[in-house]
Every structure is written in C-alpha cells, then in structure tokens.
Amino acid sequence: MTEYWLISAPGDKTCQQTWDSMNNTTRQNNLSLNYKFMIPDLKVGTLDQLVGLSDDLGKLDGFVESITRKVASYLGEVLEDQRDKLHENLMANNSDLPSYITRFQWDIAKYPIKQSLKNIADIISKQVGQIDADLKTKSTAYNNLKGSLQNLEKKQTGSLLTRNLADLVKKEHFILDSEYLTTLLVIVPKASFNDWHANYEKITDMIVPRSSQLVTQDAEYGLFTVSLFKKVVEEFKLHAREKKFNVREFTYNEEELAAGKNEITKLVTDKKKQFGPLVRWLKVNFSECFCAWIHVKALRVFVESVLRYGLPVNFQAILIHPNKKTSKRLREVLNQLYGHLDSSALQGGGNIDSVDIPGLGFGQSEYYPYVYYKINVDMIDSKP
C-alpha cells in the first residue's frame with residue numbers, strides 16, 4: 001500500500017507519551033506501522049499569519065504535488081521502452097520514496113528554520129515554479145526532436161503511397177540529363193498490375209515503349225518507372241489518375257538523397273545525445289520536487305497543529321502506514337484516542353482565542369479531530 005497518513009496529536013505530559021500511547025494501541029491490533037515525523041522548532045509568527053498561511057499552504061501542497069507527478073510522468077515518457085525501470089529512477093535524496101518519508105529529516109540548508117514560515121513557503125514555491133518552467137522548455141525541445149524523427153521514420157516504413165522513395169530507387173532507374181525525356185515513378189495497386197503492363201504505353205502519346213520496370217512492391221502496391229517526353233507529363237498524370245495509377249512527385253538528385261539520409265542520422269544522434277542529460281535532469285528534479293512536497297506537508301502539520309492545539313507548541317507528528325485491510329478499524333481507534341479533541345478544537349479551546357473555522361482548515365473534505373494529511377507515494381499509476 002502506497003498511502004501514508006501524516007497526523008499530529010497534542011502532547012500529553014510529554015510528546016513521548018503521545019507517541020507511546022498511539023503506537024502501542026495501533027500496533028497491538030496490527031493496524032499500522034508508525035514512525036515519528038520530526039518537525040524542527042519553526043518560527044510561529046502571529047495567529048493572523050498562521051490562519052492566512054493555512055490556506056496558502058493548501059494551494060502550495062496541490063501545486064508541488066502536481067509538478068512532482070508531472071516530472072515523474074515525463075520521465076516515464078522519455079524512458080520509452082525502458083519504462084519498466086521508472087520506479088527505480090524515482091528517488092528522493094538518494095532513497096526510495098517510502099524510506100525518505102519514514103526517515104524524514106528537515107533540510108535546514110535549503111529551508112532555514114530561522115526564516116519565517118511564509119518565507120520558507122515562498123522559497124519552495126519559487127524553486128518548484130522554476131522546475132516547472134524548465135520542464136516545459138526541455139520537454140518541448142525534446143518532443144520536437146522526437147516528433148521530427150518519428151515523422152522521418154514513418155516515411156521510411158509506410159505504404160508506397162506515402163513513404164520516402166529515396167531508399168528504394170537507384171540511379172539506373174532514371175533517364176537523367178535529357179533535354180526531352182524524363183522518368184516518372186507510379187504507384188499501381190497490385191490488382192491492377194496486368195492492366196498497367198497492358199495499357200501504360202497508351203495512357204498518352206510520346207511514351208517510351210517497354211520503359212516500365214517494377215522497382216519494388218509492398219502488400220498493396222507496386223512501384224513502377226515509366227519514361228516519356230517531358231511535354232506530356234501533365235497529361236500523363238491526369239489520365240493515370242483516372243485509371244487509379246498514382247504518380248509520385250520525385251526528382252532523382254543524389255545530393256538531396258544523401259542530405260535526407262544524413263538528416264535522419266543527425267536526428268538519431270541528437271536524440272541519443274539529449275537522452276542521458278535529460279534523464280539525469282528529470283531524476284534530480286523529481287527528487288527536488290518530492291522533497292519539497294514533503295516539507296510542505298511538514299509545514300502544514302506544524303501550522304495546523306498550532307492553530308488547533310494552541311501555544312506553547314506541544315504536539316507529536318506521526319507518519320502512519322496503514323495496513324490495507326484494517327484502515328477502517330485504524331480510523332476508529334484514532335477517533336477513540338483523539339475524539340475528545342473535537343469539541344475543544346471547534347470551540348476554539350486550548351490556549352488559542354476563538355477563530356473562524358475556515359481559517360483552521362476545517363473546510364477540507366476530510367476532517368478528523370486530529371490533524372491529518374494523506375500522502376500517496378505512488379507516482380506512476382495514481383492520480384493526485
């Protein structure tokens with residue numbers, strides 16, 4: 001199960017007692033694995049600031065999670081046929097995602113705890129916003145390159161009606177450097193081969209007798225040459241079309257043919273060159289986004305706990321990994337442990353003045369008597 005519950009409850013006499021009580025109760029019933037979630041001593045600020053920040057952090061949480069998932073999803077796209085290795089490439093600070101959150105440690109270097117809570121939130125917002133902007137630039141460039149390559153590859157492999165003919169024809173198939181004569185390439189349906197052989201010389205005047213050769217064929221069509229006088233080319237095209245013979249526009253030019261082959265080689269090389277650095281960038285920035293997201297969760301728990309449980313700061317944050325089959329029972333046990341908090345919180349009790357309920361984050365769809373946030377670390381299949 002990839003879902004975790006991040007909760008907090010007020011300290012009893014000590015935070016350790018809160019932890020022991022919750023941990024012992026849930027483990028006795030084999031309901032969950034629990035981990036202390038360490039949040040440092042952050043700067044509280046004023047009550048008004050906390051109430052405003054509570055809403056802002058909710059929006060930031062959604063934004064950072066969406067960018068984290070976007071980076072993961074694009075890494076899967078870039079890996080293409082190695083997509084089955086996506087899971088092992090999604091790491092946070094060189095750990096797999098469950099290990100990172102169950103052993104969470106605040107990154108003081110990136111998010112200095114002496115800064116105000118709002119400043120820390122702004123640092124995260126700016127950092128992840130920049131990653132989002134860079135991702136757009138990098139993905140557009142890589143997708144354009146990939147698209148050009150796919151278009152060229154389609155022309156190498158499609159039906160004779162659409163594919164690039166340069167790899168199929170040779171110099172000896174054409175009359176070149178003649179003032180009066182030229183050679184056309186005609187696509188003929190397989191069912192009409194006999195009709196072509198019997199009638200191509202009669203489509204117009206001025207066709208060179210016995211000049212048609214079958215160059216190649218696929219499942220549906222054959223590619224034929226025919227030589228004729230230049231002055232009747234347009235007339236030939238018109239009458240050929242009436243008989244369902246398709247004249248392909250093609251000029252034999254060795255320099256242009258070589259340039260076309262070089263173009264596909266160049267695109268393949270460019271894609272290979274960009275692949276490694278792009279994968280590395282995505283891995284690094286997935287880690288940055290995921291770590292930032294869990295720091296936002298920590299900020300939310302801190303702010304909500306102070307608003308609900310009051311000052312001085314005295315709460316225990318706990319990361320719970322529910323057993324899938326017992327999550328309903330786990331909810332009941334948590335409600336038994338912390339149900340008494342409900343009335344005091346709703347009345348603005350504890351050590352804080354009465355405040356508007358929306359500012360406390362009670363408007364969220366899932367409300368419990370304890371502070372609660374869900375974290376789903378499945379970055380491949382699940383939606384935010």
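Everything below is about the structure printed above this text.
Let me sum up the structure you'll find in this document. Treat the numbers as computed from the prediction; the structure is a model and nothing was measured. (Residues numbered from 1 in each chain as written. Predicted model: local features only at pLDDT ≥ 70, side-chain atom pairs only at ≥ 80, totals over all residues. Heavy atoms only, no water.)

**Here we look at the sheet that holds strand E5 (residues 181-189)**
With antiparallel pairing, the four strands of this open sheet are ordered in space as E6-E7-E5-E8. The open sheet has two edge strands with one neighbour each: strand E6 (213-217) and strand E8 (246-248). Taken over all neighbouring pairs, the strand axes of this sheet differ in orientation by 35° on average, direction set aside. Sheet topology note: the E5/strand E7 (residues 221-229) ladder contains nine bridges and is antiparallel. Considered in E7, the bridge of Val186 is made with Phe224. (Pairing = 2+ DSSP bridges. Helix = DSSP H or I, 4+ residues; strand = E, 2+ residues; numbered from the N terminus. Axes fitted to C-alpha atoms, helices over the stretch in contact; angles between N-to-C directions.)

**Topic: the side chain of Gln127**
Its location among the elements puts Gln127 in helix H5 (residues 117-157). Look at Gln127 and you get buried, because its relative accessible area is 19%. Here Tyr111 takes part through its side chain, which lies 2.8 Å from a polar atom of the side chain of Gln127. Side chain to side chain, Gln127 and Glu288 meet in a polar contact 2.9 Å long. In contact with Gln127, other than residues within four places in its own chain, are Tyr111, Glu288 and Ala292. (Buried < 20%, exposed > 50% of the residue type's maximum accessible area, 1.4 Å probe, protein only. Polar contact = N/O pair within 3.5 Å; in protein donor to acceptor, adjacent residues only side chain to side chain. Contact = heavy atoms within 4.5 Å.)

**Re the packing of aromatic side chains**
Applying the stated criterion across every chain, the model contains 17 aromatic pairs. With centroids separated by 5.1 Å and ring planes inclined at 90°, the aromatic side chains of Phe193 and Phe224 adopt a geometry described as edge-to-face. Here Phe193, found in helix H6 (residues 193-199), pairs with Phe224, found in strand E7; they are 31 residues apart in sequence, far enough to count as distant. Across the pair, Phe224 and Phe193 agree in class, each one buried. Summarising the aromatic geometry, the rings of Tyr368 and Tyr372 are spaced 5.1 Å apart at their centres and angled 80° between planes, so their arrangement reads as edge-to-face. The two residues Tyr368 and Tyr372 agree in class, both being buried. (Phe/Tyr/Trp six-rings, centres within 6.5 Å; stacked < 30°, edge-to-face > 60°.)

**Examining the environment of Ile203**
Assignment of secondary structure puts Ile203 in the loop between H6 and E6. For Ile203, a relative accessible area of 8% corresponds to the buried category. As a C-alpha pair, Ile203 and Glu235 span 32 residues in sequence and 8.7 Å in three-dimensional space. Once residues within four sequence positions are removed from consideration, Ile203 is found in contact with Trp196, Phe236, His239, Ala240, Lys243 and Phe245.

**A word on unusual backbone geometry**
Between Leu311 and Pro312 the backbone carries a cis peptide bond, its omega angle lying at -5°. One non-glycine residue with positive phi stands out, namely Glu80, at about 50°. In this structure, Glu80 sits in the loop between helix H2 (47-79) and helix H3 (86-89). Despite not being glycine, Arg210 has its phi angle at roughly 50°, a positive value. In this fold, Arg210 is placed in the loop between H6 and E6.

Purely geometric stuff here, so don't read any function into it on its own.
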